[in-house]
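Given next are the chains, with one letter for each unit.
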Amino acid sequence: MGFLNSNIWVIISFLAFTILVAVIASVKTKGDNLESADGYFLASRSLPGYVIAGSLLLTNLSAEQLVGLNGQSWQTNMSPSAFEVGSIFTLLFLAHYFLPRYLKMGTTTIPAMMEERFGKGVKLMFSAIIVLMYSFLNLPVILYSGSVAFVRIFNFDKLSIFNGNQFAAIAVLCVVIGIVGACYAIFGGLKAVAVSDTINGIGLLIAGFLIPFIALAVLGHEVGGSGIVDGWTYILHNEPEKLNAWSSWNSAQPNLPWPLIFTGMLFSNLYWWCTNQSFVQRSLAAKNLAEGQKGAIYCGFLKCLGPLYLIFPGIIAYHMPSIQETINSSSSPIDMAYPALIAHVVPTPIMGFFAAVLFGAILSSFNSVLNSACTMFTLDIVKDTKMGKGKDDAQLIKISKSYGTFAAVISIVISPFVMYANGITTFLNSLANFLSLPVLCTVLGVMWFRRVPKFTPYLITVIHFVVYGAFLLLKPCYPGTTEEIHYLYAMAVLFPLYLLIMFILQKVRPCEEYVVPDVGAVDLTPWKYRWHLTIIGLIVAAVFYIVFSPLVLAA
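Residues numbered from 1 in each chain as written. Predicted model: local features only at pLDDT ≥ 70, side-chain atom pairs only at ≥ 80, totals over all residues. Heavy atoms only, no water.

Visitor: Give me the lowdown on the environment of Val148, citing residues and values where you can.
Guide: In this fold, Val148 is placed in helix 8 (residues 120-154). What makes Val148 buried here is its relative accessible area of 10%. Here the alpha-carbon distance between Val148 and Val67, two residues 81 residues apart in the chain, equals 9.8 Å. (Helix = DSSP H or I, 4+ residues; strand = E, 2+ residues; numbered from the N terminus. Buried < 20%, exposed > 50% of the residue type's maximum accessible area, 1.4 Å probe, protein only.)

Structure below.
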């Protein structure tokens, strides 16, 4: 057992799993046509449901989430679970409503679909903003936040080569992750990204499920018991309210007030899962509608398992006696809860595997966003300019690879310096919400409000920038308190308002009704078991919220 507990074994097992993912991705994409636009950007519309599910899951998951959500549950309760379990509702919307229409239209990018309904100006407006945001904000922050999580969990900066220099450790990790992720996205196209996501997703589920059980066993021994059951019993009998997934309507962040589960968070998730290019692109590459629906619904079930490794370990960390001093002595206890737990409970023989899985999650977030940025830059911006006129698919792909290289290099250079930009992550999240509802409403203008005038996206975007911007500047508080109102309450109010505006415009200034075209891109026969799994998924979500409530575990 000496060798298995050595650092050499940790390094070997880390490299073994990381290389295995690369080899499998290479084998699975061998012989694929990467010279055509469909082959490079949409994997020749050949992805099966299980690959779509794995890629969707890993695109959404980052190392920052592992640290952040577990930190939130350590500080509050199980209410952050809503970000995981609540995703099943919007993934079902994707499977039943959005995806059939996307595939019917042969959609390649969301902005290109907008062009068919509202004109080139709308496409360029959204695609330019999104590409800039992806390239100069999202990618550097993904590299930085992932590297920080890696450093905190594995004490990477304590290696002799860095001598405690955290900036140097983060910079090296940013370079390594950026280069490896760029290779997947630039040279392998969407299919290489999706396949690697799926393998990393399997590893994540294995490692993620191991953590709470190992941690419960350690907790059981620390409190005088003998294992997992005693650890679980201790949590149940000591502050069971920590197991409550329902927070009061006016609770402060990072709590999620319960009304937002069905309003603001639902509306925000509709944007992320149903209209965000980096997420939706996987579903657009489905070999047919049935496989696309399988992928979205399977991912919904996987998200329902999320609290087990993204939320519950934070609760265990709250109760673990031996790590309290480590957590509380940190300059940011909420960000130290999960790293302290991992360092304390994960056995050395599997630490390399866990590191490889975490590395894969960071890679997935990076290469997914980079791939989408390249796709939109090439197909939505360059293709319509003089630089793209007359270019065949091979030439466009070459331009895409050049831009991907440029964006990757820029993000690698910028990312370590995010350390000195306080609040950049909060700013990035706020910026995403500036775009979310305008993009969602524009897509609904294609599919649902098919007679609204062509200026509607501009109007909604201007109103949203002004109103949501005012909300962020004014920072209103809950009545009778000094706690700021949760930002998702703004989403809860504004989205119905925009739907009302679109309804009125459709009545007052109707244009010729837009008919969604059928381009025959793929077989549109729906999956025959979609409704069966939908009902089961809704029951699973309902059972979760009943079990993790004052009615049962949190009594």
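Structure's up, so let's keep going.
Visitor: Lay out the nonpolar core in plain terms, naming residues and giving numbers.
Guide: Of all hydrophobic cores here, the largest spans 186 residues; its most connected members are Phe98, Tyr102, Phe150, Ile316 and Leu370. Looking at this core, the element that brings in the most residues is helix 9 (residues 166-222), giving 22 residues. When near neighbours in sequence (up to four residues on either side) are disregarded, Ile316 contacts Pro212, Ala215, Leu216, Leu219, Ile235 and Leu341. (Core = buried A, V, L, I, M, F, W, Y, C linked by side-chain atoms within 4.5 Å. Contact = heavy atoms within 4.5 Å.)

Visitor: Provide a residue-level description of the packing of aromatic side chains, including the pertinent values.
Guide: By the definition in use, this model includes 29 aromatic pairs. When the centroid spacing of 4.8 Å and the interplanar angle of 50° are considered together, the rings of Phe150 and Phe154 count as tilted. With Phe150 and Phe154 both in helix 8 and 4 residues apart, this pair spans about one turn of that helix. The exposure classification of Phe150 matches that of Phe154, with both residues buried. Pairing Phe544 with Tyr545 gives two aromatic rings, centres 5.3 Å apart and planes at 90°, and the pair type is edge-to-face. Given a relative accessible area of 12%, Phe544 falls into the buried group. For Tyr545, a relative accessible area of 8% corresponds to the buried category. Between the NZ or CZ atom of Arg101 and the centre of the ring of Tyr97, over which it lies, the distance is 3.9 Å. When the ring centre of Tyr318 is taken as reference, the NZ or CZ atom of Lys242 above it lies at 4.1 Å. (Phe/Tyr/Trp six-rings, centres within 6.5 Å; stacked < 30°, edge-to-face > 60°. Lys NZ or Arg CZ within 6 Å of the ring centre and 35° of its normal.)

Visitor: Kindly report on the pattern of salt bridges, identifying the contributing residues and their values.
Guide: For the coordinates displayed, the defined rule picks out 4 salt bridges. The salt bridge partner of Lys303 is Glu84, with a shortest N-O separation of 2.9 Å. Here Lys303, found in helix 13 (residues 289-304), pairs with Glu84, found in helix 5 (residues 82-85); they are 219 residues apart in sequence, far enough to count as distant. Judged by its relative accessible area of 2%, Lys303 is buried. (Salt bridge = Lys/Arg side-chain N within 4 Å of Asp/Glu carboxyl O.)

Visitor: Got a sec to walk through the environment of Thr442? Specific residues and values, please.
Guide: Mapping Thr442 onto the fold places it in helix 20 (residues 424-447). Separated by 16 residues in the primary sequence, Thr442 and Tyr458 have C-alpha atoms spaced 9.3 Å apart. Setting aside residues no more than four positions away along its own chain, Thr442 makes contact with Met114, Phe118, Val122, Phe126 and Pro457. A distance of 2.7 Å separates a polar atom in the side chain of Thr442 from the backbone oxygen of Pro438. (Polar contact = N/O pair within 3.5 Å; in protein donor to acceptor, adjacent residues only side chain to side chain.)

Visitor: I'd like to hear about the side chain of Glu291, residue by residue, with values.
Guide: Following the sequence through the fold, Glu291 ends up in helix 13. Among the polar contacts listed, one links the side chain of Glu291 to the backbone nitrogen of Gly49, at a separation of 2.6 Å. Beyond its immediate stretch of four places on either side in the chain, Glu291 contacts Leu47, Pro48, Gly49, Ile52 and Ala286.

Visitor: Kindly report on a nonpolar patch on the surface, identifying the contributing residues and their values.
Guide: Taken together, the side chains of Leu132, Phe136, Phe406, Val409, Val413 and Ile414 define a hydrophobic patch exposed on the protein surface, amounting to about 510 Å² of accessible area. Looking at the nonpolar patch, the elements with two or more residues in it are helix 8 and helix 19 (393-414). Counting residues per element, the nonpolar patch draws most heavily on helix 19, at 4 residues. Examined against the element boundaries, Val409 turns out to sit in helix 19. Relative accessible area serves as the criterion here: at 46%, Val409 is assigned to the partly exposed category. (Patch = residues over 30% accessible without salt bridge, like charges linked within 9 Å, V, L, I, M, F, W, Y side chains within 5 Å. Areas by Shrake-Rupley, 256 points an atom, 1.4 Å probe, with all protein chains shown as cover.)

Visitor: An account of helix 12 (residues 277-284) is needed here, citing residue identities and associated values.
Guide: Judged by how many residues are buried, helix 12 sits mostly within the fold: 8 of 8 residues are covered. For helix 12, the complete set of buried residues consists of Gln277, Ser278, Phe279, Val280, Gln281, Arg282, Ser283 and Leu284.

Visitor: Account for unusual backbone geometry, naming residues and giving values.
Guide: In the segment running from Gln253 into Pro254, the intervening peptide bond is cis, with an omega of 10°. Residue placement: Pro254 occurs in the loop between helix 10 (228-237) and helix 11 (264-274). Its identity as a non-glycine residue notwithstanding, Glu239 has a phi of 55°, on the positive side. For Glu239, the position within the fold is in the loop between helix 10 and helix 11. Positive phi outside glycine occurs at Lys475, with the angle close to 50°. With respect to the element layout, Lys475 can be found in the loop between helix 21 (456-474) and helix 22 (487-508).

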